[in-house]
Every structure is written in structure tokens, then in C-alpha cells.
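Observations on the three-dimensional arrangement
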Amino acid sequence: MSKSKLLEIARNNKSHAEAGTMVLVDEIVKIPAKNYYDPDRWQKEVDLIFKRIPLVLSVSSELPNPGDYKAMDVVGVPVLLLRDSDGEIKAFLNACSHRGAALVENGNGNKKRFSCPYHAWTYNDKGSLIGISSPHEFGEIDKSCHNLIALPVLEKAGIIWATLDPKSKLCIEKFLSGYDSMLELFDLKNWHVHSQRTIKGPNWKVAYDGYLDLYHLPVLHSETFGTDISNQANYYEWGPHQRVISPYRSPDRNGKSEDFDELLVEDWPMDVLMAGVWTIFPHVSIASFNGGGRSILLSQLMPGDNPEDSYTNQYYLMEKKPNKKQAEEADKQFDLLEYVVREEDYATGLRLQKGLKTGMIDSVMFGRNEGGGQSFHAWVDKILKANDKDLISLFG
Ligand code: FES
Ligand SMILES: [Fe+2]
């Protein structure tokens, strides 16, 4: 089903390439410039989007074995993600039920049990409180009422989502709107995490606009990716999630340009069929590369401490574990991608938000060729306006 959808998109994209066209939306849309810097608006985005919507917190291959865990702060919420002894992924608030201490420092590790560093209350890998220190002196409590606070979590397509609201009734699968079955086609659960980096950037929407934008590629990235790259994009949507792909992309595989236009799309290799940028609302982009073998850059964007800051965790995932030479090529590719994002995309974003923050510009524009950005901002607005009940019906 999802493979036939993928082929349908490839055919559609190919016919646009042959006709010299792209999908254009009806009109130019204006977005108030204030939406990018107003602190009240930004706080609402953190509270009503990032704290209510499922977020991508990791990939399966980062936590492959029972006992593997990852602790992190996500928009200020301490989260503990772990794979339990049954191989299931669990997400908890990383806070002890005694007095709230973090059970583990942020980072990755492997544990069967989590003993709190403050007074040694201990939890198993299902989040159940299994022991308290000096129980006779502490006093009687029903341990089963003091487990870790569990967060809704879903592992699908080799990607791990969790919702920061433990009471959320929003079904993560419904939120994915069928996009997960497309992402399954990457087969990411069997990939290898080669490397990770973190980059500081501008306002999260300034940064995210860039991931949906191919219009800037031959201009802003002329020194790195070159000028012979298309600035046209077609957008394919599943709920708020969008795949962005140029109709004209002639994929560059193994260092040489190959033209697949003569072949039926059924005969295209999977890496060509999966080309382009796959965004996962509200904060992830997946783009394919070939440094050291088939690989992707998964960028996980998070708001920082204020409207002008964000940070991006970049994962370089490889289809196969590289040998030494491939690892060096992968590192070189990753260095280039980090440079492009930091020195070209985010440096531009940091400068543009200074201009916006002067208040002298009323609005910014998304053209008829920038339907992806229009759709993203429309979804942001829709979610900000939705109460918890409406939120569920948005993903009906
Ligand atoms: S805060 Fe965890 S044992 Fe006291
Ligand atoms: Fe860019």
C-alpha cells in the first residue's frame, strides 16, 4: 500500500519534470512577522504544540537492546526513554516519586533498575517502584501508587515518539495520519547510528521553514551544494507531515549523477524513490545522502529557552555499519552537512530574525511555490487554536 503510494508520487513527480511544471498553490500567503518573535506566542507554541503533540525523541537503533536508556530534557521536561526487558519502549518523567530527583543524568546508558541518587528509591524497567530505603522508618506507603509517571510513547518505522503530557488522549498513530507507513519504507529500525551532533540555531519556526524550502537551495547553498540544483519543490502531505521533493532532482549516487528518467519508476532503486526531505511535524526532517554508503541526516529541532533560540540534534544514520574508509567518508559528509546548516541556514536565520524583531516588517511571504511553508504555518495556527478535545478531532 505504502509502496504503491511511493510509486504514485514518483510518477506524479516525473510527469511534472517532463512537462516542466511544479505544483503551485493558489496564492501568496502572508504571515505576521511577530509570529516569529513575540514571547507570548512563542510560549503558547511550546505549551500547546511541543507539550501536547507527539515528538520524535529518538530512533530505535539508538536504543537497540533491553536496558538501553536515554535521558534528556525536552522543552524543559526531564524525560527517560528506555527499552524494557520485553523489548518494549517506555517513556517516563525522569523524576523520582519521593521528592522529584532525576533518576539518571542526561545521556545514554544501560540499566535494569533505576536507583535514585538522592535516597535510593528504586524502580524497575517498567517504571514500578520496587524498593524504598529504610521503609520502617520512612513510614507506610502503597508502592504501587508511586511508580514513575509514564508518558504516551510509540515506536514505529524505527522512530520513537512520545507525548510530554501523561494525560494526553491523542493517539500517536492517528496523529501520524498514515505517514508512519511511508516512513517504514526506509526500514530505519535496522540502520546504524553513526554519529550525533547538536547545533544551536534561530527561532524554531525560522529553522523549520528552511527544511521545507527548496527555493533557497541554489542561492544560499551555491558555495556548498552548487548552483545547478533545482529550486522547485512539490509537497505531498499526510496530515501535518510533508514530504518535499523537487520534480527535477537527478539523484547523485556514489559520486556520479545518474538519470533515472528513462526507467519506469517501478525499476527505480529504493534510495531514489525515497529521495527528498521527509518532515515530521512539528520538528523533524529526514534527508538522504550517500557519504560512506546509503545514509540519512535526521534533524530533530527543539525550541531553546526563548523565542530567538533553538537547538537541533543531528543524527547521521547509515543503512549498514561502515568500515573504516566508509566511516571516514560518512564523517566528511556529516562535517559538510553540519557546516551547511550552521554557517548557511542557521546563520541566515539568526540574521533574518534580527530584521524581523525590529518590528519594522509587518509580515513575511510564502509564495505559490512555497506551499509547504504555508501548510506548516496553517497547522501551527490550527493547533494553537484547538482545545484538547478539538486537537484530537484534528487528527480524526
Ligand atoms: S528523591 Fe528519589 S529517593 Fe528521594
Ligand atoms: Fe538550507
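A quick note: this is a predicted structure, and the numbers were derived from the prediction, not measured.

Rules behind the numbers
Residues numbered from 1 in each chain as written. Chains lettered and ligands numbered in written order. Predicted model: local features only at pLDDT ≥ 70, side-chain atom pairs only at ≥ 80, totals over all residues. Heavy atoms only, no water. Helix = DSSP H or I, 4+ residues; strand = E, 2+ residues; numbered from the N terminus. Buried < 20%, exposed > 50% of the residue type's maximum accessible area, 1.4 Å probe, protein only. Contact = heavy atoms within 4.5 Å. Areas by Shrake-Rupley, 256 points an atom, 1.4 Å probe, with all protein chains shown as cover. Pairing = 2+ DSSP bridges. Axes fitted to C-alpha atoms, helices over the stretch in contact; angles between N-to-C directions. Parallel < 35°, antiparallel > 145°, perpendicular 65-115°, else oblique. Left-handed = near helix turned anticlockwise from the far one by under 90°. Nonpolar A, V, L, I, M, F, W, Y, C, P; charged D, E, K, R; others polar. Domains from an automatic or database assignment. Buried area = accessible area lost by both parts, 1.4 Å probe. Salt bridge = Lys/Arg side-chain N within 4 Å of Asp/Glu carboxyl O. 1 Å grid on protein atoms, 1.4 Å probe; cavity = no way out; pocket = protein on both sides within 12 Å on 5 of 7 lines; lining within 4 Å. Points joined across faces, edges and corners; volume = space filled by probe spheres on them.

Here's the deal with the overall build of the protein
- What the protein contains, in helices and strands, is 11 helices and 22 strands.
- By its C-alpha atoms, the protein is 80 × 55 × 40 Å across when sized along the principal axes.
- Counting all 396 residues of the protein, 53% fall into the buried class.
- Contacts spanning at least 24 positions in sequence make up 65% of the contacts within the protein whose residues lie at least 6 apart.
- Here the protein has roughly 18,500 Å² of accessible surface; of this, 50% comes from carbon and sulfur atoms.

Here's the deal with the sheet that holds strand β11 (residues 153–156)
- In space, the 3 strands of this open sheet follow the order β2-β12-β11, with antiparallel pairing throughout. Looking at the sheet topology across the chains shown, the edges are occupied by β2 (55–59) and β11. Pairwise comparison of adjacent strand axes, ignoring direction, gives a mean angle of 25° for this sheet.
- Two strands pair when backbone bridges link them, and β11 and strand β12 (residues 159–162) are joined in this way by 4 bridges, in the antiparallel orientation. Its bridge partner lying in β12, L154 is registered against W161.

Regarding the packing of helix α6 (residues 204–211) against helix α9 (residues 324–357)
- Between α6 and α9, the least distance of the axes is 10 Å, while the angle of their chain directions is 130°. It follows from the interaxial angle that α6 and α9 lie oblique. Regarding α6 and α9, the two cross each other, and that crossing is right-handed. Touching V206, A207 and Y211 of α6 are V341, Y346, G349, L352 and Q353, all from α9.
- Looking at the contact of α6 with α9, its residues break down into 6 nonpolar, 2 polar and no charged.

Side note on the domain arrangement of the protein
- Annotation of the protein at the domain level lists domain 1 (2–53 + 174–394) and domain 2 (60–169).
- Placing a centre on the C-alpha atoms of domain 1 and another on those of domain 2 gives a separation of 31 Å.
- Residue-level contacts link 22 residues of domain 1 with 20 residues of domain 2.
- With both sides pooled, the region where domain 1 packs onto domain 2 buries about 1,600 Å², and carbon together with sulfur makes up 62% of that total.
- Here domain 1 is connected to domain 2 by 1 salt bridge.
- Across the pair D180 and K156 runs a salt bridge whose closest N-O atoms are separated by 2.7 Å.
- Elements with a contribution of two residues or more to the side of domain 1 that touches domain 2: α2 (39–50), α5 (179–183), β13 (192–201), β20 (295–303) and β21 (310–318).
- Among the elements that line the side of domain 1 that touches domain 2, the one with the most residues is β21, at 3 residues.
- Considered class by class, the residues forming the side of domain 1 that touches domain 2 number 16 nonpolar, 1 polar and 5 charged.

Comments concerning empty space enclosed by the protein
- Scanning all chains against the criterion turns up 1 cavity of 30 Å³ or more.
- Taken as a whole, the largest cavity encloses approximately 40 Å³ of empty space.
- Every residue along the wall of the largest cavity is listed here: Y36, Y37, P307, E308, Q353, L356 and K357.
- When grouped by side-chain class, the residues that make up the lining of the largest cavity number 4 nonpolar, 1 polar and 2 charged.

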